[in-house]
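Examining the three-dimensional arrangement
Residues per chain, in single letters:
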Amino acid sequence: MSTPTGFMEYRRELPSDRDPLERIKDWNEFHRMFSEEQLRTQGARCMDCGTPYCHTGMELAGNASGCPINNLIPEWNNLVYRGLWKEAYERLAKTNNFPEFTGRVCPAPCEGSCTVGLIGDAVTIKTIEQAIIDRAFEEGWVVPEAPKNRTGKKVAVVGSGPAGLATAAQLNKAGHTVTVYERADRIGGLLTYGIPTMKLEKDIVQRRVDLLAAEGVKFVTNTEIGKDISSRELQEQFDAVVLCGGATKARPIGNVEGHQLNGIYPAMYFLNSTIKSYLDNGLQDGTYISAKDKHVIVIGGGDTGTDCVATALRHGCRSITQFGTHSKAPQERDPINNPWPEFPNVYTLDYAHEEAKAIYGEDPRAFSVLTKKFVGDEQGNLKELHTVQIRRYVDEQGRKIYEEIAGTEKVWPADIVLVAVGFEGPERTIIDELGLETDRRSNVKARYGKYNTNVDKVFAAGDMRRGQSLIVWAINEGREAAREVDRFLMGSTMLP
């Protein structure tokens, strides 16, 4: 390990971000990085804990605990501490295909389960991870590594998000000829059109795509399976098909009065339109949903809703509020209901909330709020939203119950409402065309093995199989699915 007493000698530090009032003027990444000396000091805080829960990768209380792709974090922390950066990159690359993505946008469940965090502040794992991969690219250590031999087997991967890219990367390493199909005009799926550029600049995504292409992966854009090419045709042309299309069917709010009014949009549609316009021509074409000078309300307290807040601020919205049905989290971890090594459910200001607070003077979130109805004008345009405060509890059957609190009704001005209440699962086109079985949550069911479906030669991975989840789980799914596909094609597998 590093220095055994480092976690006592040094305190946890994070790089300072760009000032919120400055960064909302552009769409560039807002994080800054530490110097090498500072990174080595943070690496020294990794302790000889015996059982490093940070890399165990499991689910506790419905949340990720530890690293789902089992990064051996203590090893590369130690290598950074010792100044062995290339070795640290080689260790990191053994378990993570895309650390430049996870180092930027993963919520870091590894830090939530860090043993140092049991009695103090966790090691700054995510910052060190990003520093390793960024340096590896700067030093030229990340180069195309095409397989020496090809197996003659052809695999189609449907969807180019993190699960699809991880699947393609691993199967290509095994020597199979891989073609990735993407219905959008750019590769990357959620990485490109779901995450704002201030969290993940798109040249970073394209850099990895170019690297995979140089290694032999073929990418086909503007092609929707089930529409431009039938699913059956794909099944006939390839030795295996891996479905990584994601859980893209947005959960509706059709039970709320007035949901049909103009001005109510799915959150991903709002984000997608802005990102595409920005990438196409710097928002000059006006094809995106603009929040400029509008009262904006985001329904949903998760990451997608938070990204909507940051995007609306950069548009120049008049006001912004983010609703959540959950109560405000405590300042410190609850040792009874939220014990270590569960992901800590504590009150924090995410980047968008910091920005809104800098502009308006307060956290933009409203907690324990239930939307009752939308009200529009004579032209059918949204003008206001009605809410009530609620209490949430679990009954004897384990069901979540929402109890309205009398006298807490409120009317909010609203020109735009962005709905970020999650997803119902994958879209049905391919599922119905191939006759795939689904589970009770409408995700594709892996029947005969972890990733085999009930249809011959067809596998499923990522959100399409497990439901809406973290990018790091998608990478895990892609890597594991690649092992199963390789075993199916060759009878055995050497993939990690």
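About the cut-offs
Residues numbered from 1 in each chain as written. Predicted model: local features only at pLDDT ≥ 70, side-chain atom pairs only at ≥ 80, totals over all residues. Heavy atoms only, no water. Helix = DSSP H or I, 4+ residues; strand = E, 2+ residues; numbered from the N terminus. Rg over C-alpha atoms; globule rule 2.2 N^0.38 Å. Buried < 20%, exposed > 50% of the residue type's maximum accessible area, 1.4 Å probe, protein only. Contact = heavy atoms within 4.5 Å. Lys, Arg positive; Asp, Glu negative; His and termini not counted. Charge placed at Lys NZ, Arg CZ, Asp CG, Glu CD. Salt bridge = Lys/Arg side-chain N within 4 Å of Asp/Glu carboxyl O. Phe/Tyr/Trp six-rings, centres within 6.5 Å; stacked < 30°, edge-to-face > 60°. Lys NZ or Arg CZ within 6 Å of the ring centre and 35° of its normal. Axes fitted to C-alpha atoms, helices over the stretch in contact; angles between N-to-C directions. Parallel < 35°, antiparallel > 145°, perpendicular 65-115°, else oblique. Left-handed = near helix turned anticlockwise from the far one by under 90°. Nonpolar A, V, L, I, M, F, W, Y, C, P; charged D, E, K, R; others polar. UniProt positions renumbered as here; feature names shortened; annotations may be inferred. Pairing = 2+ DSSP bridges. Right-handed = clockwise from strand over helix to strand, strands pointing away. 1 Å grid on protein atoms, 1.4 Å probe; cavity = no way out; pocket = protein on both sides within 12 Å on 5 of 7 lines; lining within 4 Å. Points joined across faces, edges and corners; volume = space filled by probe spheres on them. Expected span 1.5 Å × (residues − 1).

**Let's talk about the overall build of the chain**
- Counting its regular elements, the chain contains 18 helices and 18 strands.
- In summary, the chain has a C-alpha radius of gyration of 23 Å against a globular reference of 23 Å for 496 residues, a match within 12%.
- The principal-axis extents of the C-alpha atoms in the chain amount to approximately 70 × 60 × 55 Å.
- The burial tally for the chain puts 51% of its 496 residues in the buried class.
- Taking contacts inside the chain between residues at least 6 apart in sequence as the whole, the part at least 24 apart equals 67%.
- Within the chain, the 68 negative side-chain charges are centred at a point lying 2 Å from the centre of the 60 positive side-chain charges.

**A word on the side chain of Ser 113**
- Mapped onto the elements of the fold, Ser 113 is located in the loop between helix H7 (109-112) and helix H8 (125-139).
- Judged by its relative accessible area of 0%, Ser 113 falls in the buried class.
- Excluding anything up to four places from it in sequence, Ser 113 contacts Tyr 53, Cys 54, Ser 65, Gly 66, Trp 340 and Pro 341.

**Things to note about the pattern of salt bridges**
- A complete count under the given rule lists 29 salt bridges for this structure.
- Among the ionic pairs, Arg 365 bridges to Asp 363, the shortest N-O distance being 2.8 Å.
- Look at Asp 363 and you get buried, because its relative accessible area is 16%.
- It is possible to trace a salt-bridge network through shared partners that takes in Arg 23, Arg 314, Glu 354 and Glu 355.

**A closer look at the packing of aromatic side chains**
- Here the structure, examined in full by the defined rule, presents 8 aromatic pairs.
- Measuring from centroid to centroid gives 5.9 Å for Trp 27 and Tyr 278, while their planes differ by 40°, and the two rings are tilted. You can see Trp 27 sitting in the loop between helix H2 (20-23) and helix H3 (36-43) and its partner Tyr 278 sitting in helix H13 (residues 267-281), a full 251 residues away along the chain.
- Classification of Trp 27 as buried rests on a relative accessible area of 12%.
- Between Phe 98 and Phe 101, the aromatic rings sit 5.4 Å apart at their centres with planes inclined by 35°, giving tilted as the arrangement.
- Residue placement shows Lys 328 over the ring face of Tyr 347; its charged tip is 4.6 Å from the ring centre.
- A cation over a ring is seen here: Lys 410 above Trp 412, with NZ or CZ 3.9 Å from the ring centre.

**Here we look at the packing of helix H4 (residues 73-81) against H8**
- Running from amino to carboxyl end, H4 crosses H8 at an angle of 65°, the nearest separation of the two axes being 11 Å. Classified by the angle their axes make, H4 and H8 are roughly perpendicular. Viewed along their axes, H4 and H8 form a crossing whose handedness is left-handed. Touching Ile 73, Trp 76, Asn 77 and Val 80 of H4 are Ile 125, Ile 128, Glu 129 and Ile 132, all from H8.
- Of the residues that constitute the contact of H4 with H8, the class distribution is 6 nonpolar, 1 polar and 1 charged.

**Points about the UniProt feature "domain: Dihydroprymidine dehydrogenase" (unreviewed entry) in the chain**
- If you check UniProt for "domain: Dihydroprymidine dehydrogenase" (unreviewed entry), the listed places come out as residues 23-140 in our numbering.
- Within the segment residues 23-140, helix and strand shares are 45% and 5% respectively, and the terminal C-alpha atoms sit 29 Å apart.

**As for the pairing of strand E9 (residues 295-299)**
- Taking burial as the measure, the 5 residues of E9 include 5 buried ones, the bulk of the element.
- On E9, burial covers both faces: His 295, Ile 297 and Ile 299 on one face and Val 296 and Val 298 on the other are all buried.
- The pairing of E9 with strand E10 (residues 319-323) spans 5 bridges and is parallel. Its bridge partner being in E10, Ile 299 is matched across the sheet by Phe 323.
- Taking the sense of rotation as the criterion, the β-α-β connection linking E9, helix H14 (residues 303-315) and E10 turns out right-handed.
- Pairing of E9 with strand E16 (residues 416-419), which is carried by 4 bridges, proceeds in the parallel orientation. If you follow Ile 297 over to E16, its bridge partner there is Val 417.

**Some thoughts on the layout of surface pockets**
- Of the pockets and cavities examined, the second largest pocket occupies roughly 590 Å³.
- Lining of the second largest pocket is provided by 25 residues; of these, Tyr 89, Ala 93, Lys 94, Glu 145 and Lys 173 occupy positions nearest its centre.
- Counting only elements with at least two residues in the lining of the second largest pocket, the list comes to helix H5 (85-93), helix H9 (162-173) and helix H11 (202-214).

**Quick word on helix H18 (residues 471-490)**
- Along its 20 residues, H18 runs 28 Å from first to last C-alpha, staying within 8% of the 28 Å computed at 1.5 Å per residue.
- Extensive coverage of H18 is indicated by the burial of 14 of its 20 residues.
- Looking one or two residues beyond H18, the residue adopting positive phi is Gly 491, at roughly 90°.

**A short note on the sheet that holds strand E6 (residues 240-243)**
- Here we have 5 strands laid out as an open sheet, ordered E5-E4-E3-E6-E18, and parallel in their pairing. Strand pairing shows two members of the sheet lacking a second neighbour, strand E5 (218-220) and strand E18 (458-460), which therefore form its edges. Each neighbouring strand pair of the sheet contributes to a mean axis angle of 20°, computed without reference to strand direction.
- Examined bridge by bridge, E6 and E18 share 3 bridges and lie parallel to one another. Residue pairing for E18: Val 241 is matched across the bridge by Val 458.

**Observations concerning the pairing of strand E3 (residues 154-158)**
- For E3, the tally of buried residues reaches 4 of 5 residues, placing the bulk of the element in the interior.
- With 5 bridges connecting them, E3 and strand E4 (residues 177-181) associate as parallel partners. Each residue of the ladder has a partner; that of Val 157, found in E4, is Val 180.
- Taken together, E3, H9 and E4 form a β-α-β motif whose crossover is right-handed.
- Bridge count for E3 against E6 is 4 bridges, and the pairing is parallel. When the sheet's bridge partners are listed, Val 155 is paired in E6 with Ala 240.

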